[in-house]
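Residues per chain are reported as follows:
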Amino acid sequence: MTSTLDFPRTINDLRQAAVNNTPTSVPRSLRWKLFLKVLPSYHPSSWSDSILKERARYAELKVRYTAAPGVVETGHPLSQDESSPWKERYADEELKETIIQVGAGNIPFFRLPRTQQILHDILFTHSKLNPDTSYRQGMHELLAPILFAVQGDAIPPPSSSSSSDQHDILHYICSETHIEADTYTLFSRLMEHAKSYYLTTSSTPEIIATTNNIQNKLLPILDPDLHHHLTTLQIEPQIWGIRYLRLLFGREFGFSGLFGLWDALFADMSETGDLQVVEWVCVAMLTRIRSKLIGASYTETISLLLKYPVEADSDPASYVRDAIFLRENFSTTGGLRLIARYTPVPVPVPSPTSSSTTTTGSGSGRLFETLVSDVSRRAEKLGLQNTIRTAVEEVRKGVQTIQKEYENNEHALLERFSPALALAARPGSAHARRESTSIENENQLRSGDLASVLDESLKVLEGRVVGRDVEVDRALEGVRRVRDALRAAARLSSSSTSAVATPTPTGSAPVPVSPTVTSSAPSAPAPTSVPSAAAPTSKPSAYPSVRLPTHPIRHQSRASLASSDFAFLLGGKGEEDDRHKNSRLKTRMATAGGTSKKGVWGSGGDGEFDLGNLGKK
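To start, this report covers the structure provided alongside it. These figures come from a predicted structure and were not determined experimentally. (Residues numbered from 1 in each chain as written. Predicted model: local features only at pLDDT ≥ 70, side-chain atom pairs only at ≥ 80, totals over all residues. Heavy atoms only, no water.)

Some thoughts on the overall build of the protein
Part 1 of the argument: When its secondary structure is counted, the protein shows 24 helices and 0 strands.
Part 2 of the argument: Evaluated residue by residue, the protein yields a buried proportion of 34% over its 617 residues.
Part 3 of the argument: A sequence separation of at least 24 residues applies to 68% of the contacts in the protein between residues at least 6 apart.
Part 4 of the argument: When the accessible surface of the protein is split by element, carbon and sulfur atoms take 55% of a total near 38,000 Å². (Helix = DSSP H or I, 4+ residues; strand = E, 2+ residues; numbered from the N terminus. Buried < 20%, exposed > 50% of the residue type's maximum accessible area, 1.4 Å probe, protein only. Contact = heavy atoms within 4.5 Å. Areas by Shrake-Rupley, 256 points an atom, 1.4 Å probe, with all protein chains shown as cover.)

What follows is the structure, given as structure tokens:
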């Protein structure tokens, strides 16, 4: 590694460089020491004292826990007494055997005997110092990348010709003589934040609560449809979440991609003081593969979650950037915007075989690039390279502008990714009408309450104020006007709510509006609607509201059956009276439209329905 440092101006600049994956000459192990507060200050002048204390502490702990055990002179080797030194000896040997069984992985560095010994000593020391967690499967996968980074940044002791203070401090902080101590210090600081993921003493381990929080509290807000899919398949968050959290995504991103992800994770942790960002990273990872998860079967979904498909050219730190975005935009709209960022807008592309075939996403992009390449080759032959290149750039900018506008359109995002939410969000929907009615009722009650308060206040003031002058009378009159206005608003809100929100009886058909009958008489002018001065102005809606008719709908009262032409259905009338009434009914129908048409209202011919026969026995 290089010994020339080009430090960012502030620790915040160093954090931003890590989150944005911006290259820097600061060694990774040094950045991690700053982010994990091994070096509490950003000033190099204080680093020597801090790192010296940490190295001395590890040397003491290693001697205490990993030194060769002495001869046990007291107690019986087979004693089961808790205070017996033999019992502790056997427990230590069992713990060492468990740690030794840790796999070395596929990287040759971890198969070296010296590397294996360092890993075992650090894990054993940490386990003895933390008996509540001891050693748990997965801790070695957190320790191994730290050791690899510290070993890779190690610098030999400075030579006598070295004269730069910066070089001296860098040689001391990244000294190859203290690789094991520095690795332990970084590992112990990381485990202070990740320890809760390994605790299993309580009835409900904290890692179970954390995975439930990710899938059942964060995800339902950010992506309700994906949460519904996982819930429908009865996929428990512990199935995939425990490994994500305990290994800090080491299995998902691989050893090579893990370092860039940890750079960003530790940078955010140094600012927030906790490791909670990993929960948001989990949600960001789910949204990246949303299109593959939704619609997948149980087996396919489990396979995607346990074998997470990380794109080969993706930036691991971008997952942390997405997590920070979700944390700062914790809403369904924020989640949909992130989903739209990784889900291309469908673009219809003509097919050689069918005009209705469409290609989406990367397919349309490949077709566009193919066309550009073909046109560019032809333009080069004609000497029009610059003109074609300018036109292509303009097209690309236009597509990017449309994509950006689409992502910022909340309604478009809802319509595309969550139609159910889009329908519920429309002002004309039943959900919106219920909310509107609830708000109107609340405003009505508030107006009435305020009017009552003002009325009581007026009574007190009018009874106690003696020798009132003009200004006092004006003030009281102003209070009366406000009270009267509130009362009027409450009454108006009550009447409008009862008139508009009266429910239609279930099963009743809508009242048809009668067509306008042309008449020779001049029609009266339509009454103009004069808005009331006291009526509250409504807030403009994003969707067109339903327009009510401006004229009242008159409902004619229906005559009783006993007084109608069908009174014979009740019985008690003579046959002659029945014939008389039916003949009168036929006369009316003949006058209105003639009796020559066949149908329900016929005159009793073949295939017709004769009303006169209804009253006959």
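Examining helix H3 (residues 47–66)
Part 1 of the argument: With 20 residues, H3 extends 28 Å between its outermost C-alpha atoms, agreeing within 8% with the 28 Å of an ideal straight helix rising 1.5 Å per residue.
Part 2 of the argument: Looking at H3, one finds that the buried residues are Trp47, Ser50, Ile51, Glu54, Arg55, Tyr58, Leu61 and Tyr65. Buried residues in H3, looked at end-on, bunch into an arc of 130 degrees, giving them a common side. Along H3, exposed side chains directed more than 90 degrees from the buried face belong to Asp49, Lys53, Glu60 and Val63. (Expected span 1.5 Å × (residues − 1). Arc of directions from axis to C-beta.)

A look at the environment of Ala340
Part 1 of the argument: With respect to the secondary-structure elements, Ala340 resides in helix H17 (residues 332–341).
Part 2 of the argument: Along the primary structure Ala340 and Thr287 are separated by 53 residues, whereas in three dimensions their C-alpha atoms are 9.6 Å apart.

Notes on the packing of aromatic side chains
Part 1 of the argument: Taken as a whole and judged by the stated rule, the model has 20 aromatic pairs.
Part 2 of the argument: Aromatic side chains Trp240 and Tyr244 sit 5.2 Å apart centroid to centroid with 65 degrees between the ring planes, which places their arrangement in the edge-to-face category. Pair noted here: Trp240 and Tyr244 are both in helix H11 (residues 237–246), with a separation of 4 residues, about one helical turn. We note that Trp240, like Tyr244, is buried.
Part 3 of the argument: Plain terms: the ring middles of Phe255 and Phe259 are 5.2 Å apart, the flat faces sit at 90 degrees to each other, and that makes the pair edge-to-face. Of this pair, Phe255 and Phe259 both sit in helix H12 (residues 250–272), 4 residues apart, which is roughly one turn of that helix.
Part 4 of the argument: Linked through ring pairs, Trp32, Phe109, Phe110, Phe148, Phe255, Phe259, Trp262 and Phe266 together constitute an aromatic cluster.
Part 5 of the argument: Its end group placed over the ring of Phe124, Lys96 keeps NZ or CZ at 5.0 Å from the ring centre.
Part 6 of the argument: Looking at Arg288, its charged tip hangs above the ring of Tyr319, at a distance of 3.9 Å from the centre. (Phe/Tyr/Trp six-rings, centres within 6.5 Å; stacked < 30°, edge-to-face > 60°. Lys NZ or Arg CZ within 6 Å of the ring centre and 35° of its normal.)

A short note on the packing of H3 against helix H5 (residues 113–129)
Part 1 of the argument: As a packed pair, H3 and H5 sit with axes 10 Å apart at the nearest point and diverge in direction by 85 degrees. Regarding the angle of H3 to H5, the classification is roughly perpendicular. Facing H3, whose interface residues are Arg57, Tyr58, Leu61, Lys62, Tyr65 and Thr66, H5 presents Asp121, Ile122, Phe124, Thr125, Lys128 and Leu129. (Axes fitted to C-alpha atoms, helices over the stretch in contact; angles between N-to-C directions. Parallel < 35°, antiparallel > 145°, perpendicular 65-115°, else oblique.)

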